[in-house]
Amino acid sequence: MAASSPDFAEPVFRFAPSPNGRLHLGHALSVLTNERLAHKLGGQLLLRIEDIDVTRCKPEFEAGIREDLAWLGLRFDGAVRRQSEHFERYAEVVGGLQARGLVYPCFCSRQVIKRAVGLRQAWPVDPDGAPLYPGTCRACDPAEAATRIAAGEPHVLRLAMDHAIATVGGAAGYVAFYEAGHERLVAVQPARWGDVVLARKEVPTSYHLSVVLDDALQGVTHVVRGRDLEAATDIHVVLQRLLGLPTPRYHFHPLLSDETGQKLAKSRLSESLADLRERGVTAGEIRAQLGFG
Ligand code: GLU
């Protein structure tokens, strides 16, 4: 297969698991959907390891993921990109946004935010159910913030969302993305997320920042992922516009539930592909069960 051209004419898909646990059937659905679409469009399928969470991500989980993917019969194009090897690049990009006044340091702990919003009635929450950041540190004097940072006070870096929205073209809902399969433009609503964290306390990036940068850097043209990440795409589109990066096409596949109706999740210790394999289930049976037989 030819290397991707600079204008990203060749379709490029990616599967981007986080090695903080073993893969379950939901991940299998995700990677097989990517594989099917990449095959249909004659495109590439890349593997990216999203391991910025240095405490929860472990090499043995990455090894397990690679084993599961090989067992399912998946083959990936190009080199595997491991996000933990690119912290410097992410820090540089956040620094650039900060220099443009789009990012500010925030010293509030979760408890401080909870207390601040708990005092007010019916405080709005983001699509993930977390209270919107009340903006406490936005008013911080920059010299004072610099002194606190120099003294080693833990802090995150937040995107000043209303400023970001104004910079990319005004009202929320102005930017839009295609959803493959429905072929419609979907207006994004980034304001509903408030001032999201772009760099965490322990690492100079966040899921949002690194996923956007890496999709662009790897020439990804089609992002195929679970419906649970649909709302977060609001933030991704704003970051793409701010950074002058292309917006890929998006497709969100349904989420799988277990027999009790609960969404499959690593955090709920849903039965893993490795568990299924141990029970004697074959890769062919998994493919067939998910509609890829
Ligand atoms: N790393 C994310 C996860 O494992 C997926 C990110 C994405 O597909 O954008 O949930």
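Where an unreviewed UniProt entry is consulted, the chain appears under the name Glutamyl-Q tRNA(Asp) synthetase, with the organism given as Bosea psychrotolerans. Here is the UniProt Sequence similarities (unreviewed entry) comment for the chain, exactly as written: "Belongs to the class-I aminoacyl-tRNA synthetase family."

Some thoughts on the packing of helix H6 (residues 161-168) against helix H8 (residues 233-243)
Taken N-terminus to C-terminus, the directions of H6 and H8 make an angle of 60°; their axes are 9 Å apart at the nearest point. It follows that H6 is oblique to H8 by the angle criterion. Relative to H8, H6 is oriented so that their crossing is left-handed. Each of Met 161, Ala 164, Thr 167 and Val 168 in H6 lies in contact with H8, whose residues at this interface are Ile 235, Val 238, Arg 241 and Leu 242. Here the contact of H6 with H8 is composed, by residue class, of six nonpolar, one polar and one charged.

A closer look at the environment of His 253
The topology assignment puts His 253 in strand S10 (residues 249-253). His 253 sits in the buried class, given a relative accessible area of 6%. As for His 253 and Glu 230, which are separated by 23 residues in sequence, their C-alpha atoms are 9.6 Å apart. Filtering out sequence-adjacent residues up to four positions away, His 253 remains in contact with Gly 26, Leu 29, Ser 30, Val 224, Arg 225, Gly 226 and Arg 227. Reaching out from His 253, the side chain makes a polar contact with the side chain of Ser 30 at a distance of 2.9 Å.

Focus on H6
Among the residues making up H6, those that are buried are Met 161, Ala 164, Ile 165 and Val 168. Down the axis of H6, the buried set is contained in an arc of 100°. They therefore lie on one face. Those residues of H6 hidden inside the fold are in contact with strand S5 (156-159) and H8. Gly 169 lies just past H6 and shows a positive phi near 135°.

How each quantity is defined
- Residues numbered from 1 in each chain as written.
- Predicted model: local features only at pLDDT ≥ 70, side-chain atom pairs only at ≥ 80, totals over all residues.
- Heavy atoms only, no water.
- UniProt positions renumbered as here; feature names shortened; annotations may be inferred.
- Axes fitted to C-alpha atoms, helices over the stretch in contact; angles between N-to-C directions.
- Helix = DSSP H or I, 4+ residues; strand = E, 2+ residues; numbered from the N terminus.
- Parallel < 35°, antiparallel > 145°, perpendicular 65-115°, else oblique.
- Left-handed = near helix turned anticlockwise from the far one by under 90°.
- Contact = heavy atoms within 4.5 Å.
- Nonpolar A, V, L, I, M, F, W, Y, C, P; charged D, E, K, R; others polar.
- Buried < 20%, exposed > 50% of the residue type's maximum accessible area, 1.4 Å probe, protein only.
- Polar contact = N/O pair within 3.5 Å; in protein donor to acceptor, adjacent residues only side chain to side chain.
- Arc of directions from axis to C-beta.

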